[in-house]
Amino acid sequence: MSTTTLAVLVPLLPFLGAVAGLLLGRSAPGFVRPLAILPTLGAAVLAVLVAVRQGGGETISAATELTPTGSVPIDLSLYIDGFAALVAVLVGVVATCVQLYSTAYLREDPRYPSYAALVSLFTSAMLLVVYSGDLMVLLVGWEVMGICSYFLVGHYWETEAARSASLKAFLVTKLGDVPFLIGLFALAADAGSFEIPKILGTVAAGGLDHPTLIALLLLAGVAGKSAQFPLHTWLPDAMAGPTPVSALIHAATMVAAGVYFIARLLPVFAASGATLVVMAVMAAVTMVGSGLAAIAQDDIKRVLAYSTIGQLGYMVGALAVGDRGAAVFHLLSHGAFKALLFLGAGVIIHAAGTNSLGVMSRMDGLAKRIPDAFWTMTIALLALAAVPPFAGFFSKEAVLVAAEHTATGHSEFVPSAAGWLVLVAGLLTALLTAAYATRLWLMAFRGRGVAAPDHGKEPLAMTGVLWLLAIPSIGFGLAAGPISDWFDGGELTPTLVTSVLGTGAAAIGAMLTYALWQRASAKAVLATAASTGAGTGAAAAGTETAVPAAVAVAAAESAAEAPEVAEVTHDHPAVPTGPAADPGKAFLGPLHRHAAVGFHLDAVYDRLFVRPVRAAASLVRFLDREVVDTYVRGAGTGTQLLGSLVRRAQTGNVQSYLSALLAGAVVLAIATAVLGNVNVGS
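Presented here is an overview of the structure given in this document. (Residues numbered from 1 in each chain as written. Predicted model: local features only at pLDDT ≥ 70, side-chain atom pairs only at ≥ 80, totals over all residues. Heavy atoms only, no water.)

A separate point is the overall build of the chain. Check the secondary structure of the chain and you find 26 helices and 4 strands. Taken along the three principal axes of its C-alpha coordinates, the chain extends 120 × 85 × 55 Å. For the chain, with 682 residues in total, the buried portion stands at 54%. Here the analysis covers contacts within the chain between residues at least 6 apart in sequence; of these, 82% occur between residues at least 24 apart. Placing the 35 positive and 40 negative side-chain charges of the chain at their respective mean positions leaves the two points 9 Å apart. (Helix = DSSP H or I, 4+ residues; strand = E, 2+ residues; numbered from the N terminus. Buried < 20%, exposed > 50% of the residue type's maximum accessible area, 1.4 Å probe, protein only. Contact = heavy atoms within 4.5 Å. Lys, Arg positive; Asp, Glu negative; His and termini not counted. Charge placed at Lys NZ, Arg CZ, Asp CG, Glu CD.)

Have a look at this one:
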C-alpha cells in the first residue's frame, strides 16, 4: 500500500468510527467501545507507518481538484513533512489513550456512545488539519474541532457551568475565526491558491502584497484556537467537561492546532517583522500571566489549564523568534506529559471525590491509595517543571536556546527585541511553572488530616494508559538527536547558559514553594488545634456555639466541584474544616486574589463587550416592538376600523339599500345642476 493511501486512511478511520458509533450507539451498544478504540488505534498505527516512511526526508505531496471554483481552486491535497508526520503520531497516540481511559472513566455514563463518537470525530478533524495541503480543507477540520469541543465541553449539559463553558468556548474561538477566515482569503488572493506549497513559494518570491495585515488576521484566529492572550479566557472554564476531554483538547487537538498552523506557514508570519514582535509580546504576556494565575487556582484541573496556556506561550514564543523546530518539539513533548497530567488528575478526582486542592490538602495518605497516579503524576510534573532529564527539560531548553540566539542578534529576519522578550519571559515562567507544579504535588499528595478513602485499585484501562504516557514523558527529550531529521535537521540540544538559567529558575521556584508550604502547614495545624480546643471547651460549657473540627465539609465543599465528581459512587470521608496548607497565597501575596480570578479579564470583557452588546440588543428589541410593530399594528387597526364602518352599511334590508340609492341619485342630480349653473355663469 502506498504512503499516500496510508495517509488518506489516517483521518478517514476515526471519521468512519464516529459515524458508525453515532448510528449504532443505541441499537447495538456492544459495538460502541470497539468502534471507539479500534479505528483510533488503527489511525495511530498508520500514522507511525507514514512517519517512518517519510523519514524526515522529502515532503509527501498529492492533490486532486475538489471542484472548479474559478480563479482560486480548492483541492483535496496532502502535504506531509517531518513536522506533520510527528504531530499526527502524537494525535493518534493521545486520542487512543483517551478512548481507552474513557471506557473505564465514563463506564456508568449513559451518554458515553455519543461522547466516544465525538472524540473520534474530534480526532479525525485534527488529523485532517495536520495532513491537509489546502487551507480550505484545513479550515473544515479547524471548524469541526470547534463544534466538537462545544458538545464535549458541554457533555454535562444539565449543569449551568457546563452550558456556560461550552458556549463561551464556542463564541471566543469563533471571535478569532472571523479575522482568521478573512486572512485566509486575503492570503489566497495574493498567492493565487489555497495550496500550502504554492503559498510558500509565493512568500519565498516576495509575492505577498499585504504580509503584515494577513499575518495579523491569521494570528487572531490562532490566539482564539490556541488560547493565547487576550482570547485565552475560555480554556480554564472548559474544565467543566469530562477530564479525558480536557486531556484531548490540551495535549493533541484544538489548542495545538493554532501553534501547528503557524509552524506550517511560518514564512508567511516571518515576512513581517512587526507581526513577529506582536507574537513575542503575546507569548510573553501569556506565559507570565498564566503562570501567576495557575499558582492561585484551587481546582486541580484549572491549574493544569493555565499550565497549558503557559506552555502554548512557550511554543508561540519559539515561533516568534523563527524556530519552528523548537516549537513543534515542545508541542510533542508537552502533548505527552500534559495528557498524562490530566488523565492522572482524573484518577485523583475519582479517588478524592473532589477537584479541590484545598480539600485534598486535608486528606492524609492519598498517594498510597493511588500509587500509579502518584508516580506517573510525579513524572509528569517533573517534566512540566523542566527538570532534567525529563522530556520537558529538553523541549523547553530548545525554546530558550532559540530565544537566546535571536536576542544576541544571530537571526537575519527576527528583531532582537522579540528574542529578549521571549527569553526573559521564558525564564520567569520556568520559575512560576516549577512553583505551581510543586504546589500541586504537595497539596494533592502530602495532605494532612483524615485518612484518604481506600477504594481498591483503579481499573487497568486507566492506570495502564498512565504508565504508557509516562514513557515519552521521561524519554522523549533524549530522542531529540535521532529524530532531528524530522525537524528540518535543526539542532535541538540545550546550551550551558540556558540550561543553568532555566534549571536554576525552576529550582528557585520549587524550593521557595516548598518552604512556603511548610510554613502554611504549620499554621494550618495550629489553627486546627485551636479550633478543636475552642470547640471542646464550648461543648463542655453546654453552649451551642461549638464547631467541632470533625464536622465535615465533605468533598462537595470544593468551590471547584465538577459534575463528574457526582458520578463517583463510592463514599468519601468527612473532611475537617480549617485553613488549607496553600503556599500560593504567601507566594503571590496581595496579587493572589486577582490571579485567582484570572486578573479580572472576564469582568473587563463583560463591561467592554458583553454589556454594550446586550444594551444594543435591548435597544433593537425596544425599537422593533415599540416602533416598528406600532406601524404594523396601526396598519392593521386602520383596516379593521374601515371594515367595521363598511360593515355597518351592510344591513341586509332592501328598503335601506333603495333609500340610499335614491339619496345618492338626488345628491348627484343636485351636484350636476350646481356645476351646470357655475359653468353658464362663467
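Close approach of charged atoms allows side chains of opposite charge to pair. Applying the stated criterion to the full structure yields 13 salt bridges. Notably, a salt bridge pairs Lys168 with Asp602, separated by 2.8 Å at the nearest N-O pair. Of the two residues, Lys168 is situated in helix α6 (residues 160-191) and Asp602 in helix α25 (residues 601-649); the sequence distance between them amounts to 434 residues. Taken together, the salt bridges that share partners define one network made up of Lys168, Asp237, Arg302 and Asp602. (Salt bridge = Lys/Arg side-chain N within 4 Å of Asp/Glu carboxyl O.)

The next point concerns the pairing of strand β2 (residues 74-80). Among the 7 residues of β2, 6 are classified as buried, and the element is accordingly described as predominantly covered. Relative to β2, strand β1 (residues 60-67) runs antiparallel, the two being bridged by 7 bridges. Looking at β2, one finds that Glu65 is bridged to Asp75. (Pairing = 2+ DSSP bridges.)

This part covers the packing of helix α5 (residues 135-153) against α6. Across the interface, α5 lies against α6 with an axial gap of 8 Å and an inter-helix angle of 170 degrees. By the angle between their axes, α5 is roughly antiparallel relative to α6. Only Ala162, Ala165, Ser166, Leu167, Phe170, Lys174, Asp177, Phe180, Leu181, Leu184, Phe185 and Leu187 of α6 make contact with α5, whose side of the interface consists of Leu135, Met136, Leu139, Trp142, Glu143, Gly146, Tyr150 and Val153. Taken together, the residues of the contact of α5 with α6 break down into 15 nonpolar, 2 polar and 3 charged. (Axes fitted to C-alpha atoms, helices over the stretch in contact; angles between N-to-C directions. Parallel < 35°, antiparallel > 145°, perpendicular 65-115°, else oblique. Nonpolar A, V, L, I, M, F, W, Y, C, P; charged D, E, K, R; others polar.)

All right, on to the nonpolar core then. Among the nonpolar cores identified, the biggest contains 207 residues, and Tyr131, Leu135, Phe261, Val268, Phe269 and Phe487 are the most heavily contacted of them. Sort the elements by how many residues they give to this core and helix α15 (residues 324-352) lands first, with 18 residues. Not counting residues up to four positions away in its chain, the partners in contact with Tyr131 are Ala7, Val10, Pro11, Ala47, Val50, Ser77, Leu78, Tyr79, Ile80, Ala84, Ala88 and Arg264. (Core = buried A, V, L, I, M, F, W, Y, C linked by side-chain atoms within 4.5 Å.)

Under the definition given, this model contains 0 disulfides. Distance from the sulfur of Cys97, which forms no disulfide, to the nearest cysteine sulfur (Cys148) is 19 Å. A relative accessible area of 2% places Cys97 in the buried class. According to the relative accessible area criterion, Cys148 is buried, its value standing at 1%. (Disulfide = S-S within 2.5 Å.)

Let's shift gears to unusual backbone geometry. Residues Phe229 and Pro230 are joined by a peptide bond in cis, for which omega reads 10 degrees. Mapped onto the fold, Pro230 is located in the loop between α8 (211-225) and α9 (234-237). Pro389 follows Pro388 through a cis peptide bond whose omega is 5 degrees. Considering the arrangement of structural elements, one finds Pro389 in the loop between α18 (371-384) and α19 (391-407). Residues other than glycine seldom take positive phi values, yet Ala227 does so here, at roughly 55 degrees. Residue class for Ala227 comes out buried when judged on its relative accessible area of 0%.

Because each turn of an α-helix spans 3.6 residues, side chains separated by three or four positions end up pointing in the same direction. The terminal C-alpha atoms of helix α21 (residues 460-475), which comprises 16 residues, lie 23 Å apart, in line with the 22 Å expected from a rise of 1.5 Å per residue. Elements in contact with the buried residues of α21: α3 (82-105), α15, α18 and α19. (Expected span 1.5 Å × (residues − 1).)

What follows concerns the packing of aromatic side chains. Within the structure shown, the criterion is met by 15 aromatic pairs. Aromatic ring contacts, followed pair by pair, group Phe374, Trp375, Trp441 and Phe445 into a single cluster. Lying over the aromatic face of Tyr112, Arg33 brings its terminal NZ or CZ to 4.6 Å of the ring centre. (Phe/Tyr/Trp six-rings, centres within 6.5 Å; stacked < 30°, edge-to-face > 60°. Lys NZ or Arg CZ within 6 Å of the ring centre and 35° of its normal.)

Turning next to the environment of Met136. The residue Met136 is located in helix α5 in this model. Look at Met136 and you get buried, because its relative accessible area is 12%. Distance from Met136 to Leu184, taken between C-alpha atoms, is 8.2 Å for residues 48 residues apart in sequence. Once you skip the residues sitting within four places of it in the chain, Met136 turns out to touch Ile74, Leu181, Leu184, Phe185 and Phe194.

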